[in-house]
Amino acid sequence: MQPNSTLDTARRHLSRIDPAALTHARDRLAESGIARLGFLLPHRVKRMLAAEALTLVDHHRQWDESRENAEGGEPAARQRIDIGSQEVRGGAQAIPLLYDCEPLRHMLSVVADESVLPHPVARRYGVSRRHHSDDPGRWHWDDYAFAFILVVECPPLQDGGFVQTVAHTRRDWDHSDIYRTLTRNPIRSWELNPGDLYLIRADTTLHRVHPFAHGRRTILSMAFASRADIEREQSSSTRRCGFTQRASGYDEYDTVIT
Ligand SMILES: [Fe+2]
């Protein structure tokens, strides 16, 4: 399927979404900070997005391997792969088209019960792969309000293939209060399978990928902002003119691993 026909297929599907399904998802997001949205895109669109994600990962690995061969060293152990927006834009077509699809953002806004806006900085989408032997995912909040995730590959539940969330929590920018948040709030766990789509309120839902015993997890993630994020970004830009920057205690990839 061509990228533009993928977009057309998605648009047609989005125009026929059952309002009751959206209402149900909105209630789940408000209650749990996470909502399953598998109904939002048809299978063949999800397959196209997954195929692009896997192609990007393969190209990324081949490039790394050829560089290692050229440098003549021992091949490095398999490590986590994070592919950012620029590389995705260079190697995929359907993913950027879907990100900019206005009807999709509209549906996400209905589920979020507020405006879901394009990410104000370059890291709008990414593809990441974690192996069981990589460092496990840390508990974290994202910098921006919404993460829309397509699970491309995921270990089965018995191997630890799930994510965990703590809803309605307050983000501390330096992540110094995570253990207190974990001990004072209920933790929920969500089994995931390849092909699942979900939206997470990532700035007020503490979350992590549970460590898994075997296999690998590959996801396509799209980050979106709330109006409050945009306003914060604008005021932060103003402050930066006065040489003040907000400290961020974790690396940029944390925003996309779940
Ligand atoms: Fe995250």
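Scoring rules and cut-offs
- Residues numbered from 1 in each chain as written.
- Predicted model: local features only at pLDDT ≥ 70, side-chain atom pairs only at ≥ 80, totals over all residues.
- Helix = DSSP H or I, 4+ residues; strand = E, 2+ residues; numbered from the N terminus.
- Buried ≥ 20, exposed ≤ 12 C-beta atoms within 10 Å, placed from the backbone.
- Contact = placed C-beta atoms within 7 Å.
- pLDDT = per-residue confidence, 0-100.
- Pairing = 2+ DSSP bridges.
- Axes fitted to C-alpha atoms, helices over the stretch in contact; angles between N-to-C directions.
- Left-handed = near helix turned anticlockwise from the far one by under 90°.
- Core = buried A, V, L, I, M, F, W, Y, C linked by C-beta atoms within 7 Å.
- Arc of directions from axis to C-beta.

1. Let's talk about the overall build of the protein chain
- The number of helices and strands found in the protein chain is 8 helices and 10 strands.
- Out of the 258 residues belonging to the protein chain, those deemed buried represent 36%.
- Of the contacts formed within the protein chain by residues at least 6 apart in sequence, a portion of 90% connects residues at least 24 apart.

2. Considerations on the confidence of the model for the protein chain
- Chain-level pLDDT for the protein chain is 88 on average; 87% of the residues reach the 70-or-more range.
- In the model, residues 243–256 has pLDDT below 50 throughout and makes 25 contacts with residues more than four positions away in sequence or in other chains.

3. Focus on the sheet that holds strand β6 (residues 162–166)
- Strand order in this open sheet of 3 strands is β7-β6-β9, and the pairing throughout is antiparallel. Of all strands in the sheet, those with a lone pairing partner are β7 (188–191) and β9 (206–209), marking the two edges. Here the average twist between neighbouring strands, direction ignored, is 20 degrees.
- As paired strands, β6 and β7 are joined by 4 bridges and run antiparallel to one another.

4. Concerning the pairing of strand β10 (residues 216–225)
- Here β10 lies mainly inside the structure; 9 of its 10 residues are buried.
- Pairing between strand β4 (residues 125–131) and β10: 7 bridges, direction antiparallel. Across the sheet, H131 pairs through a bridge with R216, a residue of β10.
- In the sheet, strand β5 (residues 146–153) pairs with β10 via 7 bridges, with the strands oriented antiparallel. Among the inter-strand pairings, L150 is bridged to a residue of β10, identified as L220.

5. Describing unusual backbone geometry
- You will see that D113, though not glycine, has its phi angle at about 65 degrees, which is positive.
- On the secondary structure map, D113 appears in the loop between α6 (102–112) and β3 (117–118).
- Using a count of 11 C-beta atoms within 10 Å as the deciding quantity, one classes D113 as exposed.
- Notably, H168 is not glycine yet its phi reads approximately 55 degrees, a positive angle.
- Structurally, H168 can be placed in the loop between β6 and α7 (178–184).

6. Quick look at the pairing of β5
- Among the 8 residues of β5, 7 are classified as buried, and the element is accordingly described as predominantly covered.
- Where β5 and strand β8 (residues 197–201) come together, 5 bridges link them in antiparallel fashion. Within β8, the residue paired with F146 across the bridge is R201.

7. Describing the packing of helix α1 (residues 3–14) against α6
- Across the interface, α1 lies against α6 with an axial gap of 9 Å and an inter-helix angle of 35 degrees. The handedness of the crossing between α1 and α6 is left-handed. Where α1 abuts α6, its residues A10, R11 and L14 lie against P103, L104 and M107.

8. Overview of the nonpolar core
- In this structure, L49, L108, F146, L199 and F224 are the most contacted members of the largest nonpolar core, which totals 57 residues.
- Ranked by residue count, the leading element in this core is β5, at 7 residues.
- Residue contacts for L108: discarding those within four places in its chain leaves V116, F146, F148, L199 and F224.

9. What to know about the environment of D8
- Here D8 shows up in helix α1.
- With 14 C-beta atoms counted inside 10 Å, the residue D8 sits in the partly exposed group.
- With 93 residues separating them along the chain, D8 and C101 place their C-alpha atoms 9.9 Å apart.

10. Quick word on the environment of G38
- Position of G38 relative to the elements: it lies in the loop between β1 (34–36) and α3 (43–71).
- Separated by 160 residues in the primary sequence, G38 and Y198 place their C-alpha atoms 7.0 Å from one another.
- The residues touching G38, leaving out its near neighbours within four places in the chain, are D196 and L197.

11. Observations regarding α6
- Three or more residues of α6 are buried, namely L104, R105, M107, L108, V111 and A112. All buried residues of α6 fall inside an arc of 160 degrees around its axis, so they share one side. For α6, the exposed residues lying more than 90 degrees away from the buried face are E102 and H106.
- Once α6 finishes, D113 follows within two positions and takes phi at roughly 65 degrees, a positive value.

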